[in-house]
Amino acid sequence: MTTATTTDYDQRKYDLVVFGATGFTGALTCEYLAEIQDKDLSWALAGRNLAKLEKVRERLTELDSSLKDIDLLIADSSQPDSLDQVLSQTRVVISTVGPFTKYGTPLVEACIRQKTHYVDTTGEYPWIKKIIDTLDDKAKESKVIIVPTCGFDSVPSDLGVYMLSEYVHNKHNLDLASVKMSVTKIVGAASGGTIQSSVGVMTDPSITPQQQMDPYLLATRRGVDKPALPTMKRDYDFGNKWQAFFVMSAINEKVVRRSWSIWADRGKSYGNLFSYKESTSASFLKAFLLTSFLYTVFPIFSMLLKVPFLREKITKALPGSGEGPSTEAIAKGCFDIELVGTAESEPYDEPVRVRGIVKGFRDPGYGDTCRMVAESALCIVKSLKDLPGKEGGILTPATAFGHVLLDRLRHNNGMVFEVKDI
């Protein structure tokens, strides 16, 4: 396989490069890669600022002294030549440089030029929609795997549903009719970068309010789900707890439906009638406050952000990129997610229902996100020929990696992915 600068894919110097290694999530992703101590892995750090990269390298050397000579590469999203220079030397790039709307597209374009595979931590669905519309065909032509949303949004949801579908197909020979997901426990904090990205999604002019509400915005075909505003209700399947709006459902649900549509295009659909919904389990008071916030404060905040002068003031007042929770807070973080799936069955047959459990043991947005995005990249480095998405395109975690990522995340009890009959 040759590239614009005729570097042979198999002869490249690095297996992977972390782009944005000096950012909050980028530095933690580097620490995860140092922690696993894979001596067969050849990797490097990339960013705009050499002094900051050197600081990250010092921290990595404390974790693993053999990393004292790890290569530091200078690249900037605003300089395509610098991106080509870095990408022509690596098989895979991990990008943690948000807001992706602002910095993401040049890197994806350069990956396609250089035939370099790509994973990232974005949850910005207006941007994902943009790159699907403009770059999906090019990525397929070049057989380049581009996988956004390889962090807490949206790996647990996406792989969780994939796991349920595989289980129901293999054990019961049935399709999935519906899956509902609830976050039953979450301990974690948001970084400045995540907050800035969320503001970006809310103010993105490229997407209409109708598109924001479209369940199939990122999908290749339409299914049965309809646009719906979140409500609160009790659910016996989740310990009879109140179910309320889960903030990341806006991206996760769209990603899961894209996976459903891509698997259907491949002739391996979850089910023709498949529907999907996310919520969070809470006490009555918390559920009531969340729902009230969604219908009062959130619309006012969105309106204020549409005024350029106010948006500038608000953005400056919020935490900036590069800020985030402490190491101690990240170590104390965790999350538990439950998924309940119902199979398509005949009217008089006994209903088939299954429960999936997904658990992480670090801060979901940082500790476990870094694990998920790094392991996504390692799927490509270690098992490219076994991946369901090896033909390339702008994919989802489930359609790019499938079982390969499930197995990597389960390894050494790094995370839990389990499913059983109810």
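This section reports on the structure supplied with the text. Nothing here was measured: the structure is a model prediction, and the numbers come from that model.

What about helix α6 (residues 155-172)?
Part 1 of the argument: Between its first and last C-alpha atoms α6 spans 25 Å; for 18 residues at 1.5 Å apiece the expected length is 26 Å, and the two agree.
Part 2 of the argument: Most of α6 sits out of view: 13 of its 18 residues are buried.
Part 3 of the argument: Remark: asparagine 173 follows α6 within two positions and exhibits a positive phi of approximately 55°.

Describing the sheet that holds strand β14 (residues 415-421)
Part 1 of the argument: Strand order in this open sheet of seven strands is β8-β9-β10-β7-β11-β12-β14, and the pairing throughout is mixed. Of all strands in the sheet, those with a lone pairing partner are β8 (233-235) and β14, marking the two edges. Strand-to-strand twist of the sheet, defined as the mean angle between neighbouring strand axes without regard to direction, takes the value 30°.
Part 2 of the argument: With three bridges connecting them, β8 and strand β9 (residues 241-244) associate as antiparallel partners. The partner of aspartate 235 across the bridge, within β9, is lysine 241.
Part 3 of the argument: In the packing of α6 onto the sheet, the strands contacted are β7 (176-187), β10 (275-282), β11 (334-343), β12 (353-360) and β14, and the crossing angle to β14 comes to about 35°.

Remarks on the pairing of β10
Strand residues, when the strand is regular, have side chains that alternate between the two faces of the sheet.
Part 1 of the argument: Within β10, seven of the eight residues are buried, leaving the element largely enclosed by the surrounding structure.
Part 2 of the argument: Note that β7 and β10 share six bridges and pair parallel. In the strand pairing of β10, serine 182 is matched with serine 279.
Part 3 of the argument: Judged from the three bridges that link them, β9 and β10 form a sheet pairing that is antiparallel.

Quick notes on the layout of surface pockets
Part 1 of the argument: Reported here for the second largest pocket is a volume of approximately 370 Å³.
Part 2 of the argument: The wall of the second largest pocket is formed by 19 residues, among which Leu28, Glu31, Arg59, Thr327 and Ile330 lie closest to the centre.
Part 3 of the argument: Looking at the lining of the second largest pocket, the elements that each hand over two or more residues are α1 (24-36), α13 (327-332) and α14 (367-383).
Part 4 of the argument: The greatest single-element share of the lining of the second largest pocket, amounting to six residues, is contributed by α1.

Considerations on the sheet that holds strand β13 (residues 393-394)
Part 1 of the argument: Reading across the sheet, the seven strands line up as β3-β2-β1-β4-β5-β6-β13 and stay open at both edges, with parallel pairing between neighbours. A single partner strand is all that each edge strand has here, and the edge strands are β3 (72-74) and β13.
Part 2 of the argument: The pairing of strand β1 (residues 14-19) with strand β4 (residues 90-95) spans five bridges and is classified as parallel. What sits directly across from tyrosine 14, in β4, is threonine 90.
Part 3 of the argument: This element, helix α4 (residues 100-114), spans β1, β4, β5 (117-120) and β6 (145-147) of the sheet and lies at about 160° to β5.

Here's the deal with the pattern of salt bridges
Part 1 of the argument: Counted under the stated rule, the structure contains 26 salt bridges.
Part 2 of the argument: Taking the shortest distance from any N to any O, the salt bridge between aspartate 15 and arginine 91 comes out at 2.7 Å. Of the two residues, aspartate 15 is situated in strand β1 and arginine 91 in strand β4; the sequence distance between them amounts to 76 residues. No difference in accessibility class separates aspartate 15 from arginine 91, as the two residues are buried.
Part 3 of the argument: For glutamate 391, the salt bridge goes to lysine 143, with nearest N and O atoms at 3.1 Å. Of the two residues, glutamate 391 is situated in the loop between α14 and β13 and lysine 143 in the loop between α5 (125-141) and β6; the sequence distance between them amounts to 248 residues.
Part 4 of the argument: Under the relative-accessibility criterion, lysine 143 is labelled partly exposed at 41%.
Part 5 of the argument: Taken together, the shared-partner salt bridges in this structure form one network comprising Lys180, Asp235, Asp237 and Arg353.

Definitions and cut-offs
Once a new chain begins, its residue numbering starts again from 1 and follows that chain's sequence as written. For a predicted model such as this one, the threshold for reporting local features is a pLDDT of at least 70, and the threshold for listing and counting side-chain atom pairs is 80 or more; totals across whole chains, interfaces and linings nevertheless cover every residue. Where side-chain values are given, they derive from all heavy atoms of the structure, hydrogens and water being excluded. Every helix listed is a DSSP run of H or I at least four residues long, and every strand listed is a run of E at least two residues long, numbered separately from the N terminus. Working rule for helices: expected span equals 1.5 Å times residues minus one. A 1.4 Å probe rolled over the protein chains alone gives each residue an accessible area, and that area as a share of the maximum for its type sets the label: buried under 20%, exposed over 50%, partly exposed in between. Pairing between strands requires that DSSP locate at least two bridges from one strand to the other. Orientation is described by lines fitted to C-alpha atoms, with helices fitted over the stretch in contact, and by angles between N-to-C directions that extend from 0 to 180 degrees. Any two residues whose heavy atoms approach within 4.5 Å are treated as being in contact. Here the term cavity refers to a set of points on a 1 Å grid, laid over the protein atoms alone, in which a 1.4 Å probe fits but cannot get out; the term pocket refers to an open set having protein on both sides within 12 Å along at least five of seven lines, with lining residues being those that place an atom within 4 Å of a point. Grid points are joined across faces, edges and corners, and a volume is the space filled by probe spheres set on the points. Whenever Lys or Arg places a side-chain nitrogen within 4 Å of a carboxyl oxygen from Asp or Glu, that contact is recorded as a salt bridge.

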